[in-house]
Amino acid sequence: MTSFVRTSEEAASITPLIWIYFLIVMTLIFVAADTTSTYIARRQLINEVEDAIAKGVQEIDEDAYYEGMPRSLTSPFDSYTRERRVPVDCSAAQRSVRFTLNSDISILSFRCDGYEIQIEGSRVHHLPFPLIRFGISEFTNRVTVGGSSNYKP
């Protein structure tokens, strides 16, 4: 019958391995938290820009709407659904969009063709666990969102 006798060297040899696993798990948790918070911030940015576009397309170009005067060279029909679109007053829509968006959202481009609005916006998101060793403490979310309003007969 053999007996196993542990020495103090054998008992302590697992401690560095546990510390290494602990550091790996904590690093993965921090990276996952940063990634998740950045994704949530991106979804929030998309929702806010979509809300601003929904308010912007409500600014109807009344002359074109009631008199049928075309205001642009683009088609009044949606290229995907082939439904007739409502003409948009671009200058009023731009004012409405800028008023609706928070001041921390940068509008990189605003395009309006008389029927559709497209906005490219960005916002800086500060990471909850900055990666200081790599010099990463913030992430800039950048999105492009567009919309139009269709006639409802």
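Anything mentioned here points back to the structure above.
Here is a short report on the structure shown in this document. Computed from a predicted model, the values in this text were never measured in an experiment.

1. Brief notes about the overall build of the protein
(1) Moving on: Summing up its helical and strand segments, the protein has four helices and three strands in all.
(2) Moving on: In sequence order, the secondary structure elements of the protein are arranged as α-α-α-α-β-β-β.
(3) Moving on: Relative to its 153 residues, the protein shows a buried fraction of 28%.
(4) Moving on: Within the protein, contacts between residues separated by at least 24 positions form 62% of all contacts whose residues are at least 6 apart in sequence.
(5) Moving on: With an accessible surface of roughly 11,000 Å², the protein has 58% of that area assigned to carbon and sulfur atoms.

2. Examining the pattern of salt bridges
(1) Moving on: Enumeration according to the criterion identifies four salt bridges in this entry.
(2) Moving on: Here arginine 123 makes a salt bridge to aspartate 104, at a shortest N to O gap of 3.6 Å. One end of the pair, arginine 123, is in strand E2 (residues 116-131); the other, aspartate 104, is in the loop between helix H4 (90-100) and strand E1 (106-112), with 19 residues separating them in the sequence.
(3) Moving on: The class of arginine 123 is buried, set by a relative accessible area of 13%.
(4) Moving on: For aspartate 104, a relative accessible area of 42% translates into the label partly exposed.
(5) Moving on: When the shortest N-O distance is used, the salt bridge between glutamate 120 and arginine 142 registers 2.8 Å. Within this pair, whereas glutamate 120 is found in strand E2, its partner arginine 142 is found in strand E3 (residues 136-148), the two being separated by 22 residues in sequence.
(6) Moving on: Residues participating in the shared-partner salt-bridge network are Glu48, Asp104 and Arg123.

3. Observations regarding the side chain of glutamate 48
(1) Moving on: Topologically, glutamate 48 is positioned in helix H2 (residues 15-56).
(2) Moving on: A polar atom in the side chain of glutamate 48 sits 2.6 Å from the side chain of arginine 123.

4. Quick notes on H4
(1) Moving on: Every buried residue of H4 is accounted for by Ala92, Ala93, Ser96 and Val97. The buried residues of H4 occupy an angular sector of 135° when the element is viewed end-on, so they sit on one face. H4 presents Arg95 and Phe99 as exposed residues on the side facing more than 90 degrees away from its buried surface.
(2) Moving on: Looking at the buried side of H4, the elements it contacts are H2, E1 and E2.

5. Concerning H2
(1) Moving on: Between its terminal C-alpha atoms H2 stretches 61 Å, which fits the 62 Å expected from 42 residues at 1.5 Å a residue.
(2) Moving on: Inspection of H2 places Asp34, Ser37, Thr38, Ala41, Leu45, Ile46, Glu48, Val49, Ala52, Ile53 and Gly56 among the buried residues, and these make up the whole buried set.
(3) Moving on: The secondary structure elements touched by the buried residues of H2 are H4, E2 and E3.

6. What to know about the state of the cysteines
Throughout this description, disulfide means a covalent bond between two cysteine sulfur atoms.
(1) Moving on: Summed over all chains, the structure comprises one disulfide.
(2) Moving on: Each sulfur in the disulfide pair cysteine 90 and cysteine 112 lies 2.1 Å from the other. Disulfide cysteine 90-cysteine 112: torsion about the S-S bond near -70°, hence left-handed. One end of the pair, cysteine 90, is in helix H4; the other, cysteine 112, is in strand E1, with 22 residues separating them in the sequence.

7. A word on the nonpolar core
(1) Moving on: If you look at the biggest cluster of nonpolar residues, it comprises 16 residues, and the most contacted ones within it are Val49, Ile53, Ile117 and Ile119.
(2) Moving on: Mapped onto this core, the elements with two or more residues apiece are H2, H4, E2 and E3.
(3) Moving on: Per element, the largest residue contribution to this core is five residues, and it comes from H2.

Reading the values: the criteria
Every chain's residues receive numbers from 1 upward, in the order its sequence appears when written. Side-chain atom pairs in this predicted model are given and counted only at pLDDT of 80 or more, local residue features only at pLDDT of at least 70, and totals for whole chains, interfaces and linings cover all residues. Side-chain descriptors were evaluated using all non-hydrogen atoms of the structure, hydrogens and water having been removed beforehand. We count a stretch as a helix when DSSP gives it H or I for four or more residues in a row; a strand needs E for two or more, and each element gets its number in order from the N terminus. Think of it in three bands: residues with accessible area under 20% of the maximum for their type are buried, residues over 50% are exposed, and the middle band is partly exposed, with areas taken using a 1.4 Å probe on protein chains only. When checking whether two residues touch, look at their non-hydrogen atoms; a contact exists if any pair is within 4.5 Å. Computed with the Shrake-Rupley method and a 1.4 Å probe, the accessible areas treat only the protein chains shown as cover for residues. Just to be clear on terms, a salt bridge is a Lys or Arg side-chain nitrogen sitting within 4 Å of an Asp or Glu carboxyl oxygen. Any N or O atom pair separated by 3.5 Å or less is treated as a polar contact, with the protein-specific requirement of one donor-capable and one acceptor-capable atom, and with residues adjacent in sequence counted only for side-chain atom pairs. For this quantity, the arc is that covered by the directions from the helix axis to the C-beta atoms. How far a helix is expected to stretch is found by multiplying one less than its residue total by 1.5 Å. By definition, disulfides here are pairs of cysteine sulfur atoms that lie within 2.5 Å. Nonpolar cores are built from buried Ala, Val, Leu, Ile, Met, Phe, Trp, Tyr and Cys residues. Side-chain atoms within 4.5 Å join them into one set.

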